[in-house]
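Single-letter residue listing:
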Amino acid sequence: MRFKFYQLTTFFAILVLPAMVLGPPALEAGPIRLSYANFPPSTTFPCVQMERWKVEVEKRTQGRVVVHTFPGGTLLGAKNMMDGVISGQADIGNLCMAYQPGRFTVTNATALPLGIPNAEVGSLVLLDLYEKYRPKAFSRVKVLTMFTTAPSNIMSRKPVRRLEDLKGFDLRASGGAARILKAWGANQIGMPMSSTPSALQKGVVQGVFSSLEVMKDLKFAELCRYVTMTDTVIYPFAVVMNMDRWKALPEDVKKVLNELALEQARWTGTYMDGHVKDAVDWSVTHHDVELIAPAPEERSKWDAELQPIVDQWIGQAEAKGFPGSQIVEDIHQLVDKHSR
Ligand code: DTR
């Protein structure tokens, strides 16, 4: 085919010249989109902290990163969170380590009865412990932050005033807290928090051993009219990111996320502590919930049952090759440091 001169010049003017002047067409960059999976309902504290993190990341990266959040197990559930993030089903996931006690030995040591007083201290202790040991359990993900709940108490359908009231009583708890219920003689039933509301409704369990903010966030106060204050153990959480997605992030974005790790741990702990107080007040005011504080002599019976737990854990951890007593010693020191 032959072209006339004016056809060639038109072609040159319309298609070739702009390309020479402007260079190759720029690829539409768009924001970096990250999916963030969470297992419990959106009203609960793991999701509240997720939404706060999303807002901060989008603000601090001037919208270059957009976070899509998936609460309520809509992307990944409580037990496949870690593996789902490793395999890339979600870019980011929030997991409760207590639901897989054998997998996260070092960090789950924070769920031993070692006197962590509140969620703020617990969160800082946990993050420091992770930084010190960098456990292999996390080698295939990037840890974005960690935090803990406030200490656990018993929420139940019937009053628990004495240790004897717990014998054979069907109570729900997971991980470190499960060991404690067993030591007190309860019939411990394990399940993630996401399955607990229906188990309580159906009477599969008669109560829950957890931090008290769920009295309001999951409306447990409607069924559990009694709370026995034990203030024993916390539950540890981690927020993890798929390693390939992390490595592909620009350096300045990585810096923003790294700088948020400690701040987010503290924010979540502080939020949790304040929200527990609010939930307890709400439960007493709106649902006439009775708060039961065992008397000191009764309480010492409960505490005596817990003493062997730490020694047993040290023995089991050391048998698996972890420095069990050093980890426990570190937790004691970190609790002191962060309580000051
Ligand atoms: N105590 C743990 C963790 C936990 C406490 N509050 C919530 C709310 C939503 C999910 C988990 C948790 C537990 O009982 O599972």
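Bear in mind that the values here come from a model prediction, so they are computed numbers and not experimental data. (Residues numbered from 1 in each chain as written. Predicted model: local features only at pLDDT ≥ 70, side-chain atom pairs only at ≥ 80, totals over all residues. Heavy atoms only, no water.)

J.: Where do I start with the sheet that holds strand β6 (residues 170-172) in this structure?
T.: The pairing of strands in a sheet happens through backbone hydrogen bonds and is either parallel or antiparallel. The six strands are arranged β7-β6-β8-β5-β9-β11 in an open sheet whose pairing can be described as mixed. The open sheet is flanked by β7 (187-189) and β11 (290-292), the only strands paired with a single partner. In this sheet, adjacent strand axes meet at a mean angle of 25 degrees when their direction is disregarded. (Pairing = 2+ DSSP bridges. Helix = DSSP H or I, 4+ residues; strand = E, 2+ residues; numbered from the N terminus. Axes fitted to C-alpha atoms, helices over the stretch in contact; angles between N-to-C directions.)

J.: Can you walk me through the site of the ligand in this structure?
T.: The environment of the ligand is made up of 15 residues, and the closest members are Y99, R172, S210, E213 and Y235. Between the ligand and S210, the relevant distance is 2.7 Å, taken from a nitrogen atom to a side-chain nitrogen or oxygen of the residue. Within the contact set of the ligand, a nitrogen atom lies 2.6 Å away from a side-chain nitrogen or oxygen of E213. Contact with the protein chains hides 100% of the accessible area of the ligand, taken as 350 Å² for the molecule alone. Each of two domains, domain 1 (32-150 + 235-281 + 323-339) and domain 2 (153-232 + 289-304), supplies a minimum of three residues to the shell around the ligand. (Near = heavy atom within 4 Å. Polar contact = N/O pair within 3.5 Å; in protein donor to acceptor, adjacent residues only side chain to side chain. Areas by Shrake-Rupley, 256 points an atom, 1.4 Å probe, with all protein chains shown as cover. Domains from an automatic or database assignment.)

J.: Honestly, the sheet that holds strand β3 (residues 92-96) in this entry has me stumped. Any pointers?
T.: The strand order across the open sheet built from five strands is β2-β1-β3-β10-β4, with neighbouring strands paired in mixed fashion. Of all strands in the sheet, those with a lone pairing partner are β2 (65-70) and β4 (141-148), marking the two edges. Here the average twist between neighbouring strands, direction ignored, is 20 degrees. Pairing between β4 and strand β10 (residues 236-242): seven bridges, direction antiparallel. What sits directly across from T148, in β10, is P236.

J.: So what exactly am I meant to see when it comes to unusual backbone geometry here?
T.: Generally, phi is negative for residues other than glycine and the peptide bonds are trans, each holding for most cases. Unlike most non-glycine residues, D231 shows phi in positive territory, near 40 degrees. Looking at the element boundaries, D231 is found in the loop between β9 (226-228) and β10. One non-glycine residue, D288, lies in the positive phi region at around 55 degrees. Take D288: it is sitting in the loop between α10 (251-287) and β11.

J.: Sorry, what's going on with the packing of helix α2 (residues 45-60) against α10 here?
T.: For any two helices packed against each other, one specifies the inter-axial angle together with the distance between the axes. The interhelical angle for the contact between α2 and α10, taken along N-to-C directions, is 145 degrees, at an axis separation of 10 Å. Of the two possible hands of crossing, α2 and α10 adopt the one that is right-handed. Counting all contacts with α2, which are made through F45, V48, Q49, R52, W53, E56, V57 and R60, the residues of α10 involved are V256, L257, L260, E263, Q264, W267, T268, Y271 and M272. (Left-handed = near helix turned anticlockwise from the far one by under 90°. Contact = heavy atoms within 4.5 Å.)

J.: How do you make sense of the domain arrangement of the protein chain when you look at a structure like this?
T.: How big an interface is tends to be stated in terms of the accessible area lost upon association of its parts. If you check the domain split of the protein chain, you get domain 1 (32-150 + 235-281 + 323-339) and domain 2 (153-232 + 289-304). Computed over C-alpha atoms, the centres of domain 1 and domain 2 are 25 Å apart. The interface of domain 1 with domain 2 comprises 24 residues on the first partner and 21 residues on the second. Roughly 1,700 Å² is buried in total at the junction of domain 1 and domain 2, and carbon and sulfur atoms are behind 66% of that figure. Counting across the domain 1 and domain 2 interface gives one salt bridge. Residue D278 pairs with K216 through a salt bridge whose shortest N-O separation is 3.1 Å. Counting across the domain 1 and domain 2 interface gives seven residue pairs in polar contact (both at pLDDT 80 or more). With six residues, α10 is the largest single contributor of residues to the side of domain 1 that touches domain 2. (Buried area = accessible area lost by both parts, 1.4 Å probe. Salt bridge = Lys/Arg side-chain N within 4 Å of Asp/Glu carboxyl O.)

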